[in-house]
Amino acid sequence: MSQYLFQQLINGLALGSLYALVAIGFSMIYGIVRLINFAHGDLVMIGAFSTLALVSAGVPWPVILIFVLAIGALAGMAIETIIFRPMRGASPVTGFIATLAVSIAIQNSALMILSGQPRNFLFPAFMRQRIEFSGVNASLTDLVIIVLTLLLIGGLFLVVYRTKLGTAMRATAENLMAARLMGVAVNRTILAAFAIGSALAAVSGLFWGGKFGQIDPLLGFVPGLKAFVACVIGGVGSIGGAMLGGYILGLAEVLFVGLLPQEFSGYRDTFVFLLLIVILLVKPSGLFARNTEERA
Amino acid sequence: MKARELNEARAITPHATPMKGFVAAAAVVVIAAIAIFVASKGLSNYTVTLLALLFINAALAVSLTLTNGLTGLFSLGHPAFMTIGAYVAAILTFSARRKGSMLPDLPDWLASTEWSMLPALLVAGLAGGLVALAIGGAVLRLKGHYLAVATLGLIIVVQGLATNWDGITRGGSGISGLPRYVDIWWAFGFLVLVVAVTWRIKFSSLGRAMMAVRENELAAKCSGINAARLKILAFVIGAIMAAMAGALLAHLISVVTPKTYSVLLAFNIVVMVVIGGSGSIMGALLAATVITIVSESLRPVEESVGLYGLSQVIVALCLILVLYLKPSGLFGSGEPVVIRKLFSGRQEP
């Protein structure tokens, strides 16, 4: 494999990790409450600015990671309890408009508090170096992002498939009413899904700021939309599908920019959303859908 | 649809005495025109422009009532069609002298033309309608939030094209210095046109067929309604109106950029439709008026306190509150009683 292609691969996997972290939460929430949560992308922004605040306060990085996870979880739980719980059972479109409203409210509140001025924070110096092995070199930041993401996703799979909470989640996703009749505390389970998904999205924000070096209050919107695209690729509602969808999307985007001539790179987002429309039309249940669900 | 609303729909079918309704509508338009004439003499230029903006917003909301409200297609694609319409009209009306240097990739026959507003507006609407027709067949197979996200994607696709197609669109900086052809009379005329068309469609068998598709597509199909064709029709008419509104707005503020019509705008129009009640023309008009006035009057507050985004937060919270307290909006799918009596030409049963 040529060196250039290898670097693109690493780059794509890192970007894919960012999308996967957001997409998994998106998919979990959809799987359980059938809600396309547009405000989910804004947790990326909340995570990024929390990181900025913690870095400025001089908190060490491993602690920052844990704090950001906690802040994301709390924010997700707050959104669920205050806004989405009273609306549970509303029509899908009503729920969707509500999440759009929450997203706009979060973005503009952040704009009011933080101003539109872009800011940045830096990962510690050792993470910014490039490392070499067998002739090819890669950025350590990207490698750390990939490894940490895989660890987090591994942890998530353990929770979902090896704990009582995970069983409750899967049961609720399968059939909310039946789960409730079987004694599953449905509200608590939904709250947990929001907490876990939001925590992952917030960590994605931490990585986002570290990788791209610039953050602003509106930064969550496009990743949120792209997470949806990733979910659609993988089949909305499936956690593994969302993860794979995130990686496919990250790689596709990087290869699109890397392999085509320079003048096409501006069309990156156009390409992603054309991809979305094509997949929705050709294979609406996603590439790896567990169960075929009515999408059209 | 609730039985009460069905009764309303039946009671207000215009074939009763169409003349009376028409006379009432004409009277309202004349009175409004006189009011605008007086207002445009007495008010500052800024306020009159704001009024024009309000009219165009109201027309946008009403046009979305047709697509989203009556037919139940949850489309967020209005800004995409507005952008298309605005660029088409802008390229047609832009001064031929400056086209050569600013838009070098235009074909010769386009580079040498300099149209006036009306033909440019019609071609803009046509362009929006054709694009909607081309993608409608594919996209409208989706439903609910999948359609919403696909149309949201459409906004980003159109923005991407407008940003990167430098020689035709001048890229990210957009086309500025457009002739200011549009004044309050254009905006008012457009609003009257959009309301009239939407009203006629709503209270016809076509409108009832649309509502049938919204309520239960399968049942509608079973009673012989061609749902697919009807959905495309509603989508295309909405897109034509959106494209024309985009062209009018661009020639009101004399500039169009890829970001002029954004997702935020789509959100704001949808809010107007939802708060007014999905399918209610008067509801959309009222909500558009209130929201435009509220957000414009908050602008000086935002600037003086430095709290940019305040009005959007308030609009978003209002929407959440309405969804929570009255999910069907102000008037549901119907029109307020007074309006119905005035225009339908028939008393309540």
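Residues numbered from 1 in each chain as written. Chains lettered and ligands numbered in written order. Predicted model: local features only at pLDDT ≥ 70, side-chain atom pairs only at ≥ 80, totals over all residues. Heavy atoms only, no water.

Points about the overall build of chain B
The following threshold applies: Under the DSSP-based scheme used, a helix requires at least four consecutive residues in state H or I and a strand at least two consecutive residues in state E, with every element numbered from the N terminus. As a reference, a globule follows 2.2 Å times the number of residues to the power 0.38, and the radius of gyration itself is taken over C-alpha atoms. We call two residues in contact when some of their heavy atoms are within 4.5 Å. Counted charges follow a simple rule, with Lys and Arg positive, Asp and Glu negative, and His plus the chain ends left uncounted. By convention, the charge on Lys lies at NZ, on Arg at CZ, on Asp at CG and on Glu at CD.
A tally of regular secondary structure across chain B gives 17 helices and two strands. On C-alpha atoms alone, chain B measures out to a radius of gyration of 20 Å, which is about the 20 Å that the 2.2 N^0.38 rule sets for 349 residues. Along the three orthogonal principal directions, the C-alpha set of chain B runs to about 65 × 50 × 45 Å. When contacts within chain B are restricted to residue pairs at least 6 apart in sequence, long-range pairs at least 24 apart make up 79% of them. When the 25 basic and 14 acidic side-chain charges of chain B are each reduced to a single mean position, those positions are 9 Å apart.

So, the overall build of chain A
What counts is decided by this rule: Each residue is assigned to one of three classes by its accessible area relative to the maximum for its type, calculated with a 1.4 Å probe on protein chains only: buried under 20%, partly exposed between the two thresholds, exposed over 50%.
When helices and strands are counted, chain A shows 12 helices and two strands. Secondary structure elements in chain A, listed N-terminal to C-terminal, are α-α-α-α-α-β-β-α-α-α-α-α-α-α. Expected size for 296 residues packed as a compact globule is a radius of gyration near 19 Å; at 19 Å, chain A falls within 12% of this value. Referenced to the eigenvectors of the C-alpha coordinate spread, the extents of chain A come out at roughly 60 × 45 × 35 Å. Residues classed as buried in chain A amount to 54% of the 296 residues present. At a minimum sequence separation of 6, the contacts of chain A that also span at least 24 residues come to 76%. Of the side chains in chain A, 17 bear a positive and 11 a negative charge, and the two mean positions are spaced by 11 Å.

Re the environment of B:A25
Along the chain, B:A25 turns up in helix α2 (residues 18-42). We classify B:A25 as partly exposed; its relative accessible area is 30%.

Quick word on the interface of chain B and chain A
How we decide: The buried area of a pairing is the accessible area, by a 1.4 Å probe, that goes missing from both parts when the two are put together, added over both. In protein, a polar contact requires one atom able to donate a hydrogen and another able to accept it; more generally it is a pair of N or O atoms within 3.5 Å, and residues adjacent in sequence count only if both atoms are side-chain atoms.
Listed per partner, the contact involves 37 residues of chain B and 39 residues of chain A. The contact between chain B and chain A buries some 3500 Å² in all, and 82% of this surface belongs to carbon and sulfur atoms. It is B:H145, B:Y146 and B:V149 that lose the most area in chain B upon contact with chain A, and together they represent 20% of the buried surface on that side. Inspection of the chain B/chain A interface yields one residue pair in polar contact (both at pLDDT 80 or more). The element that contributes the greatest number of residues to the side of chain B that touches chain A is helix α8 (residues 144-164) of chain B, accounting for 13 residues.

Some words on the UniProt feature "transmembrane region" (unreviewed entry) in chain A
Residues and elements named next belong to chain A. Formally: UniProt positions are given in the numbering used here, feature names are shortened, and annotations may be inferred rather than shown by experiment.
Within this numbering scheme, the UniProt entry marks residues 12-33, 63-84, 96-116, 136-161, 181-207, 227-259 and 271-289 as carrying the feature "transmembrane region" (unreviewed entry). Structurally, residues 12-33 is divided into 100% helix and 0% strand, and its ends, taken at the C-alpha atoms, are 31 Å apart. The span residues 181-207 is 85% helical and 0% strand by assignment, and the distance between its end C-alpha atoms comes to 41 Å.

A look at the nonpolar core
The test is simple: Among buried residues, the Ala, Val, Leu, Ile, Met, Phe, Trp, Tyr and Cys ones that are joined through side-chain atoms within 4.5 Å form a nonpolar core.
Counting 202 residues, the largest nonpolar core has A:I24, A:F38, A:F96, B:L76, B:I175 and B:L319 as the members making the most contacts within it. In this structure A:F38 touches A:F96, A:T99, A:L100, A:S103, A:F221, A:L225, B:V149 and B:L152, once residues within four positions along its chain are discounted. A:F6, A:I10, A:V136 and A:I146 belong to the second-largest nonpolar core, a separate cluster that totals seven residues.

What about helix α3 (residues 61-84) of chain A?
Here is the rule: Helices are assigned an expected span. That span is 1.5 Å times one less than the residue count.
Taking 1.5 Å per residue, 24 residues should reach 34 Å; α3(A) reaches 33 Å between its end C-alpha atoms and fits that length. Of the positions making up α3(A), those classed as buried are A:I64, A:V68, A:G72, A:A73, A:A75, A:G76, A:I79, A:E80, A:I83 and A:F84. The inward-facing, buried residues of α3(A) abut α2 (42-56), α4 (92-114) and α9 (186-212) of chain A together with α16 (310-325) of chain B.

What to know about the pattern of salt bridges
Where we set the bar: Salt bridges are defined by distance alone: a side-chain nitrogen of Lys or Arg within 4 Å of a carboxyl oxygen of Asp or Glu.
Under the criterion given, the structure shown has 11 salt bridges over all chains. Across the pair A:E80 and A:R85 runs a salt bridge whose closest N-O atoms are separated by 3.2 Å. Classification of A:R85 by relative accessible area gives partly exposed; the value is 28%. Here B:K231 and B:E217 are joined by a salt bridge, their closest N and O atoms 3.3 Å apart. Taken together, the residues span a long stretch of sequence, with B:K231 in helix α13 (residues 227-253) and B:E217 in helix α12 (residues 217-222) at a distance of 14 residues. Like B:E217, B:K231 is buried. Each of A:K226, A:E253, A:R268 and A:D269 takes part in a single network of salt bridges with overlapping partners.

With respect to the pairing of strand β2 (residues 136-139) of chain A
All names here are of chain A. Counted only if it meets this: Any two strands with at least two DSSP bridges between them are considered paired.
Here β2 shows no split at all, with V136 and A138 on one side and N137 and S139 on the other all buried. As defined by bridge partners, strand β1 (residues 130-133) adjoins β2 across four bridges and the pair is classed as antiparallel. Within the sheet, the bridge partner assigned to F133 lies in β2 and is V136. Counted along the chain from β1 to the antiparallel partner β2, the turn is two residues long, and its residue S134 has a positive phi close to 40 degrees.

A few points about unusual backbone geometry
Positive phi values are uncommon outside glycine, yet A:S115 reaches one of about 65 degrees. Mapping A:S115 onto the fold places it in the loop between α4 and α5 (125-128). For A:S115, a relative accessible area of 33% corresponds to the partly exposed category. Phi at B:R170 is positive, roughly 60 degrees, even though this residue is not glycine. Counting through the fold element by element, B:R170 comes out in the loop between α9 (166-169) and β1 (175-176). Residue classification places B:R170 among the partly exposed residues on the basis of a relative accessible area of 27%.

Digging into a nonpolar patch on the surface
Residue and element names in this part refer to chain B. Heads up, the condition is: A patch is a set of surface residues, each over 30% in relative accessible area and not in a salt bridge, joined within 9 Å for like charges and within 5 Å for the nonpolar side chains Val, Leu, Ile, Met, Phe, Trp and Tyr. Per-residue and other accessible areas were derived by the Shrake-Rupley procedure at a 1.4 Å probe size, with only the shown protein chains allowed to occlude residues.
Taken together, the side chains of V30, I34, F37, V38 and W185 make up a nonpolar region of the molecular surface, amounting to roughly 490 Å² of accessible area. If one sorts the elements of the nonpolar patch by residue count, α2 sits on top with four residues. Following the sequence through the fold, F37 ends up in helix α2.

Points about the packing of aromatic side chains
The cut-off we apply is this: Two aromatic rings from Phe, Tyr or Trp, using only the six-membered ring of Trp, form a pair when their centres are within 6.5 Å; if the ring planes differ by under 30 degrees the pair is stacked, by over 60 it is edge-to-face, and anything between is tilted.
Enumeration over the complete set of coordinates arrives at 16 aromatic pairs over all chains. Note on A:F38 and A:F221: the rings are 6.4 Å apart at their centroids and 35 degrees apart in plane angle, and the pair reads as tilted. With A:F38 in the loop between α1 (3-33) and α2 and A:F221 in helix α10 (residues 221-234), the pair connects residues that are 183 residues apart, well separated along the chain. A:F38 sits in the buried class, given a relative accessible area of 5%. Note on A:F256 and A:F271: the rings are 4.2 Å apart at their centroids and 10 degrees apart in plane angle, and the pair reads as stacked. Separated by 15 residues along the polypeptide, A:F256 in helix α11 (residues 239-259) and A:F271 in helix α12 (residues 268-282) bring together distant segments of the chain. Residue classification places A:F256 among the buried residues on the basis of a relative accessible area of 14%. Every member of this aromatic cluster is reached through a ring pair, and the members are A:F38, A:F96, A:F221 and B:F74.

Description of the packing of helix α14 (residues 263-276) of chain B against α16(B)
All names here are of chain B. So the rule is basically this: Working convention: axes come from line fits to C-alpha atoms, limited for helices to the stretch in contact. Angles between N-to-C directions cover 0 to 180 degrees. Crossing handedness: left-handed means the near helix sits turned counterclockwise from the far one by under a right angle, and right-handed means the same turn made clockwise.
Packing of α14 against α16 brings their axes to within 10 Å, and their N-to-C directions diverge by 35 degrees. In this structure, α14 crosses over α16, and the sense of that crossing is left-handed. For the pair α14 and α16, the contacting residues are L264, F267, N268, V271, V274 and I275 in the first and Q312, V315, A316, L319, V322 and L323 in the second.

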